[in-house]
Amino acid sequence: MTQSDAKTPIWKNIQTMLTTDIAQGAYHPGDKLPTEAELSRRFGVNRHTVRRALAEMAETGIVHSRRGSGVFVAQRPTDYPIGKRVRFHQNLRAAGRLATREITSSQTRPCNASEAEALHLNLGDNIHEQMGISSADGQPIALFRGVVPAEKFPNWHDIMETETSVTAAFSHYGISDYTRASTRIDSKLATPVQAIQLQIKPGAPILRTISISVDAQKEPIEYGHTWFAGDRVSLTLSDEP
């Protein structure tokens, strides 16, 4: 050990060595790292020291943890096409990723001015709102908030509890296809709450999309906001019909 090594915290040396292992291909994107116990034996330290090193690696986006499953090497940013037909599960599946969604909030309430304009409603008409977290291979990549007209989609919350996607839910109402009428993209900085949900640092860059989806008759059926972790998703423009 050099003099500089002696001055460096042990957890920092472990972080450097594991990061080097990943960079040299010992572990690939999506691979699970050895357990804390195995790493403790490898480096001859206690689990707290290993845990600190892994936490710092997670902070920089090199790895991410899945509750009850372990610590995994972060995937490279996923290309996410933005076109007329944007389907979360289909996009992730095409990229070789496993897509999951977790609904964190559901409510029915009067619409505000922007929602009324987007969905062609009268101010104060009821809408169904759902918020949640979208993940790829167990790693959070986006937060979403979607609202639909309550009168047009009765029992929306009940159906969304049994369906894994908005597309499948719409099919219950005879909507077999729908398209994006508009999508607006801008950049934001993650709030403390968003950072916790996305497992990123507060103030980290995020990409926000605001979209309006319409049915075959060009009637608005969903007004959506999505906040993507900036280092995990690359939004691409699609020229699909």
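Each chain has its residues counted from 1, following the order in which its sequence is written. Thresholds applied to this predicted model are a pLDDT of at least 70 for local features of residues and 80 or more for the giving and counting of side-chain atom pairs; totals over whole chains, interfaces and linings are not thresholded and use all residues. To obtain the side-chain values, all non-hydrogen atoms of the structure were used and water was disregarded.

So, about the side chain of Ser-40. Along the chain, Ser-40 falls in helix H3 (residues 36–43). Using a relative accessible area of 9% as the deciding quantity, one classes Ser-40 as buried. When checking whether two residues touch, look at their non-hydrogen atoms; a contact exists if any pair is within 4.5 Å. Those residues within four positions of Ser-40 in sequence are excluded, and the remaining contacts are Val-45, Asn-46, Arg-47 and Val-50. Numbering of helices and strands runs from the N terminus; a helix is a DSSP stretch of H or I covering at least four residues, while a strand is a stretch of E covering at least two. Partly exposed residues are those whose accessible area sits between 20% and 50% of the maximum for their type, while under 20% is buried and over 50% is exposed, using a 1.4 Å probe and protein chains only.

Here the focus is unusual backbone geometry. We note that Asn-155 has phi near 60 degrees; this positive angle belongs to a residue other than glycine. Locating Asn-155 in the fold gives a position in the loop between strand S6 (139–149) and helix H7 (156–162). A positive phi angle, close to 60 degrees, is found at Gln-199, a residue other than glycine. Note that Gln-199 resides in the loop between helix H9 (192–198) and strand S8 (205–214).

Two rings from Phe, Tyr or Trp (for Trp, the six-membered ring) form a pair when their centres are within 6.5 Å of each other. A pair whose planes differ by under 30 degrees is stacked, one over 60 is edge-to-face, and the rest are tilted. Applying the stated criterion across every chain yields a total of 7 aromatic pairs. Residues Phe-153 and Tyr-173 carry aromatic rings whose centres are separated by 4.9 Å and whose planes lie at 85 degrees to one another, so their mutual orientation is edge-to-face. Of this pair, Phe-153 sits in the loop between S6 and H7 while Tyr-173 sits in the loop between helix H8 (166–171) and strand S7 (179–189), placing them 20 residues apart in sequence. Given the relative accessible area of 1%, Phe-153 is considered buried. An aromatic cluster is present here, built from Phe-153, Trp-156, Phe-170, Tyr-173 and Tyr-178 joined pairwise through their rings. Two thresholds decide whether a charge sits over a ring: the Lys NZ or Arg CZ must be within 6 Å of the ring centre and within 35 degrees of the ring normal. Lying over the aromatic face of Trp-11, Arg-52 brings its terminal NZ or CZ to 4.0 Å of the ring centre. Between the NZ or CZ atom of Arg-101 and the centre of the ring of Phe-144, over which it lies, the distance is 4.5 Å.

Those residues of H3 that fall on the buried side of the exposure criterion are Ala-37, Leu-39, Ser-40 and Phe-43. Viewed along the axis of H3, the buried residues span an arc of 165 degrees, placing them on a single side of the element. Directly beyond the C-terminal end of H3, a positive phi value near 65 degrees is found at Gly-44. The arc under discussion is defined with respect to the helix axis, by the directions toward the C-beta atoms.

What is meant by a nonpolar core is a set of buried Ala, Val, Leu, Ile, Met, Phe, Trp, Tyr and Cys residues, joined one to another through side-chain atoms within 4.5 Å. One finds Leu-18, Leu-33 and Leu-54 to be the most contacted residues of the largest nonpolar core, which totals 16 residues. Elements that contribute at least two residues to this core include exactly helix H2 (10–23), H3, helix H4 (47–59) and strand S2 (70–73). In contact with Leu-18, not counting residues within four places along its chain, are Leu-39, Arg-42, Phe-43, Leu-54 and Met-57.

Our next topic: the packing of H2 against H3. At their nearest, the axes of H2 and H3 sit 12 Å apart, and the two run at 110 degrees to each other. Between H2 and H3, the angle is such that the two are roughly perpendicular. In this structure, H2 uses Ile-14, Met-17, Leu-18 and Asp-21 to contact H3, whose residues at the interface are Leu-39, Arg-42 and Phe-43. Note on residue categories: nonpolar means Ala, Val, Leu, Ile, Met, Phe, Trp, Tyr, Cys or Pro, charged means Asp, Glu, Lys or Arg, and polar means any other residue, Gly included. A class-by-class count of the residues in the contact of H2 with H3 yields 5 nonpolar, no polar and 2 charged. In this analysis an axis means a line fitted to C-alpha atoms, helices contributing only their contacting stretch, and an angle means the value between N-to-C directions, from 0 to 180 degrees. Orientation categories follow fixed angle ranges, with anything under 35 degrees roughly parallel, anything over 145 roughly antiparallel, 65 to 115 roughly perpendicular, and all other angles oblique.

Now for the packing of H2 against H4. Packing of H2 against H4 brings their axes to within 8 Å, and their N-to-C directions diverge by 55 degrees. The pairing of H2 with H4 is recorded here as oblique in orientation. Considering only the axes of H2 and H4, their crossing is right-handed. Contact residues: Ile-10, Trp-11, Ile-14, Gln-15, Leu-18, Thr-19 and Ile-22 in H2; Thr-49, Arg-52, Ala-53, Leu-54, Glu-56 and Met-57 in H4. In a left-handed crossing the near helix is turned counterclockwise from the far helix by less than a right angle, and in a right-handed crossing that turn is clockwise.

Here Gln-194 is to be found in helix H9. With relative accessibility at 13%, the residue Gln-194 sits in the buried group. Sequence-distant contacts of Gln-194, that is, excluding residues within four places in its chain, are made with Leu-143, Leu-189, Ile-206 and Trp-227.

Attention shifts here to the pattern of salt bridges. Once the charged atoms of two side chains with opposite charge are near each other, the side chains can pair. Only one rule defines a salt bridge in this text: a Lys or Arg side-chain nitrogen within 4 Å of an Asp or Glu carboxyl oxygen. Counting across every chain of the model gives 8 salt bridges. Between Arg-145 and Glu-129 there is a salt bridge, with the nearest N and O atoms lying 3.9 Å from each other. Of the two residues, Arg-145 sits in strand S6 while Glu-129 sits in strand S5 (residues 126–136), which places them 16 residues apart along the sequence. Of the residues examined, Arg-145 reaches a relative accessible area of 23% and is grouped as partly exposed. Assessed through its relative accessible area of 5%, Glu-129 is described here as buried. Each of Arg-109, Glu-115, Glu-129 and Arg-145 takes part in salt bridges that share partners, so that together they form one network.

None of this, on its own, says anything about what the molecule does.
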